[in-house]
Amino acid sequence: MLQNRWDAALYENKHSFVWQYGENLIALLSPQQGESILDLGCGTGQLTQQIAATGAEVIGIDYATSMIEQAQKNYPNLKFTVADARNIEFSQAFDAVFSNAVLHWIQQPEQVVKFIWQALKPGGRFIAEFGGKGNIQLIVEALSQATEPSFNIRNPWYFPSIGEYATLLEEQGFCVTYATLFERLTPLQGEAGLANWIQMFASHLLSGIPSDQQVEIIGDVEQRLRSRLYRDGVWFVDYKRIRVMAIKD
């Protein structure tokens, strides 16, 4: 899993699309008054707050201390806690577990699925969106070429197919009621959009490399991708996302 450090200010200032695109995932969740809901990978809390606004009782967890600290500042009346979804126990069971743009960071999906199963009440539902097969494929290829041979060693991402992930859920005992894989070409902010994205989401691939060489590598990646992901002064990310709903039978 990605190390426990995130730039919460860069996340909020330049990458608000992460939670903005997740807003209509809440419609799939359909939270109800009084339900207990766990927001797994809550980031800085924007979607946690929207769930709470429906009258549900929600707890936000995230692996990154910086994200939880910012979430608590943003929404002091809500409950947030630092937690690792691979190894955590709650004294309560939840009506639903909700997760947006998180699960592709955890390369032990079996452990996470087991945790979600244990966290849910019988009949509880799991709703998630995250990177699926082919997600950021162009960026991954460019980063791999620019950072060889270290890329494969440091690559943190898990991008499953629908079949792979649905099978994982079913083997745990879930009934998968909805699953889809779709493209979402996503615009970034400004001329430095791709560089900011790399700094936010792929900086671990450059750790230990001198800063001047990091600048060269990012420039190399931009050069490789400009004809594919740069249009009219705007950088884009070639996202492919999985959305899934599963019920604990």
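Provided above is the structure to which this section pertains.
Residues numbered from 1 in each chain as written. Predicted model: local features only at pLDDT ≥ 70, side-chain atom pairs only at ≥ 80, totals over all residues. Heavy atoms only, no water.

*Asks:* Please explain the overall build of the chain as it appears in this structure.
*Replies:* If you tally the helices and strands in the chain, you get eleven helices and eight strands. Here the chain holds 249 residues, and 53% of them are scored as buried. Counted over contacts in the chain with a minimum sequence separation of 6, partners at least 24 positions apart contribute 77%. Carbon and sulfur atoms make up 46% of the accessible area of the chain, which amounts to about 11200 Å² in all. (Helix = DSSP H or I, 4+ residues; strand = E, 2+ residues; numbered from the N terminus. Buried < 20%, exposed > 50% of the residue type's maximum accessible area, 1.4 Å probe, protein only. Contact = heavy atoms within 4.5 Å. Areas by Shrake-Rupley, 256 points an atom, 1.4 Å probe, with all protein chains shown as cover.)

*Asks:* Explain empty space enclosed by the protein to me, please; I cannot follow it from the model alone.
*Replies:* Space left empty within the atom packing is revealed by a probe, the size of a water molecule, rolled over the atoms. Applying the stated rule across the entire model yields two cavities of 30 Å³ or more. If you add up the space inside the second largest cavity, you get close to 50 Å³. Its residues assigned to classes, the lining of the second largest cavity shows seven nonpolar, no polar and no charged. (1 Å grid on protein atoms, 1.4 Å probe; cavity = no way out; pocket = protein on both sides within 12 Å on 5 of 7 lines; lining within 4 Å. Points joined across faces, edges and corners; volume = space filled by probe spheres on them. Nonpolar A, V, L, I, M, F, W, Y, C, P; charged D, E, K, R; others polar.)

*Asks:* Would you mind showing me how to read the packing of helix H6 (residues 109-119) against helix H9 (residues 162-172) here?
*Replies:* To characterise two packed helices, one gives the angle between the axes of the helices and the distance between these axes. At a minimum axis separation of 10 Å, H6 and H9 run at an interaxial angle of 45°. Compared by their axis directions, H6 and H9 come out oblique. Between H6 and H9 lies a crossing whose hand is right-handed. The residues of H9 that touch H6, namely those facing Pro109, Glu110, Val113, Lys114 and Trp117, are Tyr165, Leu168, Leu169 and Gln172. Within the contact of H6 with H9, the residues separate by chemical class into six nonpolar, one polar and two charged. (Axes fitted to C-alpha atoms, helices over the stretch in contact; angles between N-to-C directions. Parallel < 35°, antiparallel > 145°, perpendicular 65-115°, else oblique. Left-handed = near helix turned anticlockwise from the far one by under 90°.)

*Asks:* What's the story with a negative patch on the surface in this structure? I'm lost.
*Replies:* A contiguous patch of negative charge, built from Glu110, Glu164, Glu170 and Glu171, is present on the exposed surface. The element that contributes the greatest number of residues to the negative patch is H9, accounting for three residues. (Patch = residues over 30% accessible without salt bridge, like charges linked within 9 Å, V, L, I, M, F, W, Y side chains within 5 Å. Salt bridge = Lys/Arg side-chain N within 4 Å of Asp/Glu carboxyl O. Lys, Arg positive; Asp, Glu negative; His and termini not counted. Charge placed at Lys NZ, Arg CZ, Asp CG, Glu CD.)

*Asks:* How should I be thinking about the pairing of strand S8 (residues 234-248) in this particular structure?
*Replies:* Consecutive side chains along a regular strand alternate between the two faces of the sheet. For S8, a buried count of twelve out of 15 residues is recorded, marking the element as mostly surrounded by other parts of the structure. Pairing of strand S5 (residues 120-131) with S8, which is carried by seven bridges, proceeds in the antiparallel orientation. Residue pairing for S8: Ile127 is matched across the bridge by Met245. Bridging between strand S6 (residues 174-187) and S8 involves 13 bridges; their strand directions are antiparallel. Of the residues in S8, the one forming a bridge with Ala179 is Val244. Relative to S8, strand S7 (residues 230-231) is paired through two bridges, and the arrangement is antiparallel. Its bridge partner lying in S8, Tyr230 is registered against Trp235. (Pairing = 2+ DSSP bridges.)

*Asks:* Got a minute to help me understand helix H11 (residues 211-229) in this structure?
*Replies:* Of all bends in H11, the biggest is about 35°, found at Gln223. Residues Ile217, Ile218, Val221, Glu222, Leu225 and Leu229 constitute the buried set of H11. Where H11 is buried, its residues contact helix H7 (137-147), S6, helix H10 (193-201), S7 and S8. (Bend = angle between axes of the 7 residues up to and from the residue.)

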